[in-house]
Amino acid sequence: MKSIPEPDEMPQSTNPKVRFLTPEQGKALFDRQARKHFGISGEEFIRAYEAGKLIDHPSQSDVEYVAFLIPFATF
Amino acid sequence: MQAYVDLVQQQFACVTSAVVDVAGGYHVSDQPHILSAANGDEFSLRGSARVMLRAAQWYEITTTALPSRRFIVELTGYFYTLLDHNLREMVAFHWHPTANSHVRTPHLHLGPGSQVGRAELQRSHLPTGFVELQQVLRLLIEEFDVTPLRDDWGAILR
């Protein structure tokens, strides 16, 4: 893992365009990405991914990317 | 921990006006927090090369025993994917140490947009060291002629 400098050592934002998502917004973001890349809901994607049903999907890059976004739906 | 998220936002702001979305916030957790730019979508970058970027990070906040440093933010995964204007993946810096990943170390993909014809290279997970977001953004500006949106990009991406 990469250790990042102490927050106090970091510069403060002069342009804070940061959106802290609610759990509902996070789920919506993830759901939209699952539908965009695979045409299925976020919940369907998670079930398929965890069951190993996407291992042979031709677009592994998309599988890996949407799987990476799962924490948006589960925090 | 807001300073870390603000720092990442400043880095993104060197090349895009997209909003950074954060899930999980600032609390200590065993589960990764996640952030991405532009709702997780790829976003266009200004410049003659007409390239796009898709980017997301996992990070964790942990406590330490040091009185002078109670918390540490650790980056625990990333996805930095550069695409051409036809959304073909050119180059992707990945680190996604998840249970379903058979390659859990940082690696590089050369996609169809890279126009590298050799099949082994296109399907390989090419090993890399740890790649920082600012390195990728600097690469875009310096080698892909992406137009920086901030005059102080050199200091932010150092």
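The text that follows walks through the structure, step by step, so that each part is easy to find.

Rules of the game
- Residues numbered from 1 in each chain as written.
- Chains lettered and ligands numbered in written order.
- Predicted model: local features only at pLDDT ≥ 70, side-chain atom pairs only at ≥ 80, totals over all residues.
- Helix = DSSP H or I, 4+ residues; strand = E, 2+ residues; numbered from the N terminus.
- Rg over C-alpha atoms; globule rule 2.2 N^0.38 Å.
- Buried ≥ 20, exposed ≤ 12 C-beta atoms within 10 Å, placed from the backbone.
- Contact = placed C-beta atoms within 7 Å.
- Pairing = 2+ DSSP bridges.
- Nonpolar A, V, L, I, M, F, W, Y, C, P; charged D, E, K, R; others polar.
- Expected span 1.5 Å × (residues − 1).
- Arc of directions from axis to C-beta.

Considerations on the overall build of chain B
Now for step 1: For chain B, the count of helices and strands is 4 helices and 8 strands.
Now for step 2: Counting from the amino terminus, chain B carries its helices and strands in the arrangement α-β-β-β-β-β-β-β-α-β-α-α.
Now for step 3: For 158 residues, the compact-globule estimate of 2.2 N^0.38 gives 15 Å, and the C-alpha radius of gyration of chain B, at 16 Å, lies within 12% of that figure.
Now for step 4: Taking all 158 residues of chain B together, the buried fraction comes to 40%.
Now for step 5: Contacts in chain B between residues far apart in sequence, at least 24 positions, make up 46% of those at least 6 positions apart.

Re the pairing of strand 1 (residues 20–23) of chain B
Residues and elements named next belong to chain B.
Now for step 1: Going residue by residue along strand 1, you find V20 and V22 tucked away on one face and D21 and A23 tucked away on the opposite face as well.
Now for step 2: For strand 1 and strand 2 (residues 33–37), the ladder comprises 4 bridges, and the chain directions are antiparallel. Counted as the bridge partner of A23 is I34 from strand 2.

A short note on the interface of chain B and chain A
Now for step 1: If you look at the interface, chain B gives 40 residues, while chain A gives 30 residues.
Now for step 2: Every element with two or more residues in the side of chain B that touches chain A is listed here: helix 1 (2–12), strand 1, strand 4 (52–63), strand 5 (71–83) and strand 6 (89–95) of chain B.
Now for step 3: Classifying every residue of the side of chain B that touches chain A by side-chain character gives 20 nonpolar, 15 polar and 5 charged.
Now for step 4: Note that strand 2 (residues 18–20) of chain A and strand 1 of chain B share 3 bridges and pair parallel. Across the sheet, residue A:F20 finds its bridge partner in strand 1 of chain B, namely B:V22.

What about unusual backbone geometry?
Residue and element names in this part refer to chain B.
Now for step 1: Even without glycine at this site, R50 takes up a positive phi of about 55 degrees.
Now for step 2: Inspection of the secondary structure assignment puts R50 in the loop between strand 3 (43–44) and strand 4.
Now for step 3: With 14 C-beta atoms counted inside 10 Å, the residue R50 sits in the partly exposed group.
Now for step 4: In this structure, L87 takes a positive phi of about 65 degrees despite not being glycine.
Now for step 5: Looking at the secondary structure, you find L87 in the loop between strand 5 and strand 6.
Now for step 6: The exposure class of L87 is exposed, given the 10 C-beta atoms found within 10 Å.

Remarks on helix 1 (residues 23–38) of chain A
Owing to its 3.6 residues per turn, the α-helix brings residues three or four apart onto one side.
Now for step 1: If you check helix 1 of chain A, its first and last C-alpha atoms are 22 Å apart, about what 16 residues at 1.5 Å a residue would give, namely 22 Å.
Now for step 2: Listed as buried for helix 1 of chain A are A:G26, A:L29, A:F30, A:Q33 and A:A34. Looking straight down helix 1 of chain A, one finds that the buried residues subtend no more than 130 degrees of arc, so they occupy a single side. Residues A:E24 and A:K36 are exposed on helix 1 of chain A and point more than 90 degrees away from its buried face.
Now for step 3: Where helix 1 of chain A is buried, its residues contact helix 2 (42–50), helix 3 (60–68) and helix 4 (71–74) of chain A together with strand 1 of chain B.
Now for step 4: Backbone geometry just after helix 1 of chain A places A:G39 at a positive phi near 70 degrees.

Some remarks on helix 3 of chain A
Now for step 1: All buried positions along helix 3 of chain A are accounted for by A:V63, A:E64, A:Y65, A:V66 and A:F68.
Now for step 2: In this fold, the buried residues of helix 3 of chain A make contact with helix 1 and helix 2 of chain A together with strand 4, strand 5 and strand 6 of chain B.

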